[in-house]
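# Results of the structural survey
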Amino acid sequence: MISAADVEDLTGRVRGPVLVPQDEGYAQEVTGFNLAGVARPEVVVGATGTEDVVAAIGWASAHGCPVGVQATGHGADEPMEGGLLITTTRMQEVKVDPGRRTARVGAGVRWRSVLAASLPHGLIGLNGSSTDVGVIGYTLAGGLPVLGRTFGWAADRIRAAELVTPDGVLHHLDADHEPELFALLRGGKGNLGVVTSLSFELVPLQAFYGGGIFYPGADAHQVLDAFSTWAPALPPQANTSIALLRLPDMPMVPDPLRGQFLVHLRFAWAGDPEDGAQSLAPMRAVSHPVLDTAGPMDYRDVDRIDMDPTDPVPLFHTGGFLAAFNISTVEDLLAVAGPGADFPVVAVEIVQMGAAFARPASVPDAVHGREAACFLGVIALLVPPVAQAVPAAVGTLLEAMAPHAPSGVFVNHYGFPPTEAERARAWPAEAYTRLVQTKTALDPQNLLRYQHVVGQGHR
Ligand SMILES: Cc1cc2nc3c(=O)[nH]c(=O)nc-3n(C[C@H](O)[C@H](O)[C@H](O)COP(=O)(O)OP(=O)(O)OC[C@H]3O[C@@H](n4cnc5c(N)ncnc54)[C@H](O)[C@@H]3O)c2cc1C
């Protein structure tokens, strides 16, 4: 229990705002993208920089107060109850060094801001399907990029980080300084503390081709069958995923997609647009598209490939890696989520992996899933009237896919598994053991106990 005097003490230690539930501005400070997991901390600090994070964690450590961190709320899968929430939205530093092809970002930066600073130099960072997502939360978990088959995992590109551990100590990490902590941070997500800045490599991108093809849901069988042979044979420049979409009849969904059951093929080609068009051509012949948006594209518009929602929504997401996506996987998937099924889930997606995803990191890290053939993602809107039916429906789907999914889960997309055994599946076994040992040693009070943390009991 935090007293008014404790809050006053905290207020005196930091430059940013300190808010408690009764304060005006508290609700806005704690609310992010995912409305299903809006945090309800006892106190929130709007950190303005590294010093604020050091001071806030030092205060929490002295008071035995649990700590959470939030940049955008895209990963707010489970509401944080009580404790201290550090929000990083004010930490917006972005520095691009075109000569070295690196970027350094503050804790609150979204991918959109990195692209705005890097694209004028013909460089990009390895963002995911939505540039609204925060760079640090995404990257610490591995970061599965739109161009992952071409360039690999985002976490593999981290070159340095500033980390505040639960004892309030600031660490400057890179391959030569505290290499074990540096290895576990890249893939270990928020288990080791709060990262106040991250430096990572950018990659050159001269030309780009991308977009999506929407097919009628009734053609799901033939489209998914074709995808299952076309996608694994693609060259590394080609990046693709396919989704069964049951789009709500809501204004946020544009016509002619609103209220429809569709199959959505996403395609991103890092290279000459003509080669991209040729590579996509076989899928254009598979069925009559409802809408085809693929073409030469400015990478600035990369969000138009997946068309993720941008307005805050209550959502549930989970998923796991697949060993293969073949005719048998298609059968099992469509038996649960295909045409005719009453399946209350907005998106079931298969992301084709392989190519650079399978490449080992140049400096070892804790990223999971390199050997996987595909990633299966499940995204549901927790809105009436479907919200109540979601858990059972998702359970049925995951059970049907279990024979194809021996290789674990992805920490950026695994919702909030309630047991340690389930959370452990997000890391290679050996990395998980080291992560638990290091987390336990750094955090004897278990201050970091929210979301995906490992080892000492949840919440
Ligand atoms: C629409 C949408 C699209 C997505 N697309 C992709 C995708 O293509 N590829 C992919 O890999 N993931 C994707 N994700 C998942 C996303 O990467 C995770 O939800 C990630 O956690 C979001 O980070 P955030 O900082 O934006 O979110 P937040 O909710 O602010 O943070 C989530 C968690 O990240 C950690 N974290 C955040 N900041 C820090 C920090 N400074 N220090 C330490 N830990 C921190 C904490 O554990 C925190 O609980 C997507 C999610 C959504 C909702």
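Residues numbered from 1 in each chain as written. Predicted model: local features only at pLDDT ≥ 70, side-chain atom pairs only at ≥ 80, totals over all residues. Heavy atoms only, no water.

## Points about the sheet that holds strand S9 (residues 170-174)
Strand order across the open sheet formed by five strands is S5-S6-S10-S8-S9, with antiparallel pairing between neighbours. The two strands at the open ends of the sheet, each matched to only one other strand, are strand S5 (94-97) and S9. Adjacent strand axes in the sheet meet at a mean angle of 10° when their direction is disregarded. Bridge count for strand S8 (residues 158-164) against S9 is five bridges, and the pairing is antiparallel. Residue pairing in the sheet places Val 164 in a bridge with Leu 170 of S9. On the sheet, helix H4 (residues 111-118) packs against S5, strand S6 (102-106) and strand S10 (194-201) and is oriented at approximately 40° with respect to S5. (Pairing = 2+ DSSP bridges. Helix = DSSP H or I, 4+ residues; strand = E, 2+ residues; numbered from the N terminus. Axes fitted to C-alpha atoms, helices over the stretch in contact; angles between N-to-C directions. Contact = heavy atoms within 4.5 Å.)

## Let's talk about the domain arrangement of the protein chain
Here the protein chain is partitioned into domain 1 (4-87) and domain 2 (208-413). Taking only C-alpha atoms, the centre of domain 1 and the centre of domain 2 are 35 Å apart. Listed as interface residues are seven residues of domain 1 and, on the opposing side, nine residues of domain 2. In this assembly, domain 1 packs against domain 2 so that about 580 Å² is buried in total across both faces, 61% of it on carbon and sulfur atoms. Counting every contact that joins domain 1 to domain 2 gives zero salt bridges. In this structure, the connection of domain 1 to domain 2 is made through four residue pairs in polar contact (both at pLDDT 80 or more). (Domains from an automatic or database assignment. Buried area = accessible area lost by both parts, 1.4 Å probe. Salt bridge = Lys/Arg side-chain N within 4 Å of Asp/Glu carboxyl O. Polar contact = N/O pair within 3.5 Å; in protein donor to acceptor, adjacent residues only side chain to side chain.)

## What to know about the pairing of S5
Where S5 and S6 come together, four bridges link them in antiparallel fashion. Within S6, the position partnered with Val 96 by the bridge is Ala 103. Two successive antiparallel strands, S5 and S6, enclose a turn made up of four residues, where Arg 101 displays a positive phi of approximately 55°.

## Concerning the nonpolar core
Grouped together as the largest cluster of nonpolar side chains are 92 residues, with contacts concentrated most on Leu 10, Leu 84, Leu 147, Tyr 299 and Trp 427. With six residues, helix H3 (residues 50-63) is the single largest residue contributor to this core. Mapping this core onto the domain boundaries places at least three of its residues in each of domain 1 (4-87) and domain 2 (208-413). Filtering out sequence-adjacent residues up to four positions away, Leu 10 remains in contact with Val 18, Val 43, Val 45, Ala 56, Trp 59 and Leu 84. Ranked by size, the runner-up nonpolar core spans 43 residues in total, among them Ile 213, Phe 267, Ala 337 and Leu 397. (Core = buried A, V, L, I, M, F, W, Y, C linked by side-chain atoms within 4.5 Å. Buried < 20%, exposed > 50% of the residue type's maximum accessible area, 1.4 Å probe, protein only.)

## Thoughts on the packing of helix H7 (residues 179-188) against helix H14 (residues 429-442)
It is at 10 Å that the axes of H7 and H14 come closest, and there the two elements cross at 110°. In terms of their interaxial angle, H7 and H14 are classed as roughly perpendicular. You can see that H7 and H14 cross each other, and the crossing is left-handed. Contacts from Glu 180, Leu 181, Ala 183, Leu 184 and Gly 188 of H7 reach H14 at Ala 431, Arg 434, Leu 435, Thr 438 and Leu 442. Across the contact of H7 with H14, the residue classes break down as six nonpolar, two polar and two charged. (Parallel < 35°, antiparallel > 145°, perpendicular 65-115°, else oblique. Left-handed = near helix turned anticlockwise from the far one by under 90°. Nonpolar A, V, L, I, M, F, W, Y, C, P; charged D, E, K, R; others polar.)

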